[in-house]
Amino acid sequence: MEIHLNRVDYMQVGVTSQKTMRLLPALGKKATQKVAIADHDGIITCFGMKKGEALPVFKTLPGQKIARLDLGGAAGTPQEKIFVGSGSQVRGFTKKGKQFLTFEANLTESINAMHVSGADLLVCASYIYNHYCDCKDQHYYLSGDKINDITCLSSENPTRPVPVLACQDRVLRVLRGSELAYDTEVPGPPSVLELYNKEGGEEILYGTTNGKIGLVRIGESAAATRWEIDNDKKKGGILCIDTYDIMGDGVGDVLVGRDDGTVEVYGFDSDSEPTLRFEHVLSESVTSIQGGCVGKESYDEVLTATYTGWVTGLTTEPQKAESGPGDEVRMSKEIQSKVEALRAELEQLQVKVLQGREQYQQTSQSSTAVSAVPVFSINDKFTLCQDDASYSLTLEVQTAIDNLLLQSDVPIDLLDVDKNSAVVSFSECNSEQPNGNFLLATYRCQANTTRLELKVRSIEGQYGNLQAYITPRLEPKTCQVRQYHIKPLSLHQRTHSIDQERPMNRLSLVGQFSFAEIHSWVVFCLPEVPEKTPAGESITFCFHNTFLGTQLEATYCKGEGHFKSDNISTISILNDVLSKEATKRKINLNISYDINDDSVSHTLKMIHPKLEYQLVLARKVQLIDALKELQVHEGNADFLIPEYRNILDESANLLEEYKKQPAHLERLYGAALFLYFHIYTNIKNNLGTCLCRRRPKFIKMLIQIPPLMIEVCVIFPEIVTSFSKDNH
């Protein structure tokens, strides 16, 4: 069973943050509901629909950027009071717009997540959770990683709510008072939480930044996963979730909004498994989503708010069209009046634009003219994708993008993105100069492009900065710069545990450094590590290499640091970078190593199947043109062996896969070459001295991978003479 929804645009406010739009409770069962939405200008707008027009109920004055909006009220009464969080302050408004609360939370950071339940107010800054009851401080918790969202379960004891935190380190933390009761792992950094049953219950919906959705049941001592929806089609991350029976079957459906503009409705089959029932794609990220009745009585709809402030409904109301003579479609009187009103509004706007331009021209030519740079907001995200070991750079601007310049001082590859319609051009770079560039690329966007998605792949061991210069279609021309740090171990991703059975190499550091200093070094080297120094005397982080599948464990405290990995290259990179960082601070380090011979063969065995797959893929792609020419010449492909016929049948998929991974094979070669480099040619440093005796064994392993052996011999000619010296 599928559902058909029709799009209706209601109004536009300023730029909005995540979860800043809510529907007020309806007065009747099928009556229309009022909409409350807050934006970055600090304005709260409440409006309702009447005869197809948005009529404002109230609108507050501009102020500080509003990061969250929630509804509340006394227990057992309609939840129709509006609460907003801006900076470290929480304000409350009635449904008529009268302010009745101004509460200063006294947080050192701005509020980024909030939940209201009766007299309980739960607010979160980046790492801090605070619970207030009747504006009195009750509980406090310092999280080990950044808090993205919060929700609250109702417990048997009404004075003891059960808060659940969505944290960046891929866990949900369940609290009891000021203490951590337990945490549960989820398949990605959770970005949003929502109660599955708004009337109560123990089930929570979560969405992750890598596009996965799940339902967990929060128990007394542990959580149980009910179901998960994977992101097989590589859609955007989840920004908002709601539950509402839009299908009308008596079961609450799951409404989902993603950062690539996708709106989804999931229903449930006879086995209570979630199934996609509806999908619609907007042109910008969906920051808020709600189910209810807004446009017309008795017609349910999915209401969304986007980054640039558009409030859009996907309604079950059918679009009306009357057929007249000659099969021409005549508009109803209601639609005709709406079109006429829009035309009049458009004419007024055009007049205002012309007057503004004339005024600007006159002002700019006067002797006392002052240049005014137009201000515009940018929503950017730079995240590591586990599936293809690449970084996704997403840029969203509140106005149309004219062009984008990418500049990098480290070697990176630009990968193709299907959603990207911009035209890219490359400039020559001289990387040998002291401050030379490895990449200069310009993206020229089509008209009305407000969102751009790019993919880049870095090389571990090469670190520096990637800068994006964003120029919108504004007058006068202006540009904003965003900088992204490419870290030395940029392809490593946080995980909760590693396989201790693998052969491990160890690196140990001892010196006169503080816990905060060595933590700052680890933050510099590895992604997804919280910038705030962890509480306690020591900490352990585990990582997984998304490209090769190797692992790393980092344990450190004041004066000591211990790192172990099944890849010698990882240990060597850490040794180089940490030594440089310590030297900058004039700290003397005592470095020791424990090298496991078996780790070399283990790493090569992990590279080999990936290398073999890419070699086969490259060979198949090389054959496609020749096989197509034979097919045209002979009239059919029946004379070909099944293997070649299969290549022709799958040619489109093979070419698409090869196009998405242009330098994958070279990167795999490079991984093995760096492994050899770190073992054999780094003889000048202590680690190289420790490893040089393992050169013959490494050469034996390379012989088992002929293409790799040839590549090594070309780049390192001295390896050829080593065969005779070592009798291999």
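Refer to the preceding data block for the structure.
The text that follows walks through the structure, step by step, so that each part is easy to find. Within every chain, residues take consecutive numbers counted from 1 along the sequence as written. Owing to the predicted nature of the model, reporting of local features is limited to residues with pLDDT of at least 70; listing and counting of side-chain atom pairs is limited to 80 or more, with chain, interface and lining totals taken over all residues. Excluding hydrogens and water, the side-chain values take into account all heavy atoms of the structure.

### A look at the packing of aromatic side chains
Whether two aromatic rings pair depends on their centres lying within 6.5 Å, for rings of Phe, Tyr and Trp, where Trp uses its six-membered ring; planes under 30 degrees apart make the pair stacked, over 60 edge-to-face, and the rest tilted. Applying the stated criterion across every chain, the model contains 11 aromatic pairs. Taken together, Phe-515, Phe-541, Phe-543 and Tyr-556 form an aromatic cluster joined through their ring pairs. To sit over a ring, a charge needs its Lys NZ or Arg CZ within 6 Å of the ring centre and within 35 degrees of the ring normal. Taking NZ or CZ as reference, Lys-81 lies 5.1 Å from the ring centre of Phe-100, over its face.

### Here we look at the pairing of strand β24 (residues 262-268)
With 7 of 7 residues buried, β24 lies mostly within the body of the structure. We call a residue buried when its accessible area falls under 20% of the maximum for its residue type, exposed when it is over 50%, and partly exposed in between, using a 1.4 Å probe and counting protein chains only. The way it works is that DSSP assigns letters per residue, a run of H or I at least four long becomes a helix, a run of E at least two long becomes a strand, and they are numbered from the N terminus. Judged by which residues are buried, β24 turns out to be covered on both faces: Thr-262, Glu-264, Tyr-266 and Phe-268 on one side and Val-263, Val-265 and Gly-267 on the other are all buried. Examined bridge by bridge, strand β23 (residues 253-258) and β24 share 4 bridges and lie antiparallel to one another. When the bridges of β24 are listed, Val-256 appears paired with Glu-264. Across 7 bridges, the pairing between β24 and strand β25 (residues 274-281) is antiparallel. Paired with Glu-264 across the bridge in β25 is Glu-279. Note: two strands are recorded as paired if DSSP finds a minimum of 2 bridges between them.

### A few points about the nonpolar core
Ranked by size, the top nonpolar core spans 43 residues in total, and within it Leu-395, Leu-404, Leu-406, Tyr-443, Leu-452 and Ile-470 carry the most contacts. For Leu-404, the residues in contact, after removing those within four places along its chain, are Leu-395, Ala-441, Thr-442, Tyr-443, Leu-452, Leu-454, Ala-468, Tyr-469 and Ile-470. Judged by nonpolar contacts, the second largest core, of 26 residues, contains Leu-489, Cys-525, Leu-526 and Ala-582. Note on terminology: a nonpolar core comprises buried Ala, Val, Leu, Ile, Met, Phe, Trp, Tyr and Cys residues joined through side-chain atoms within 4.5 Å. Residue contacts are counted whenever heavy atoms from the two residues lie within 4.5 Å of one another.

### A closer look at the pairing of strand β31 (residues 378-385)
In this sheet, strand β32 (residues 390-397) lies alongside β31 in antiparallel orientation, the contact comprising 8 bridges. Within β32, the residue paired with Phe-382 across the bridge is Leu-393.

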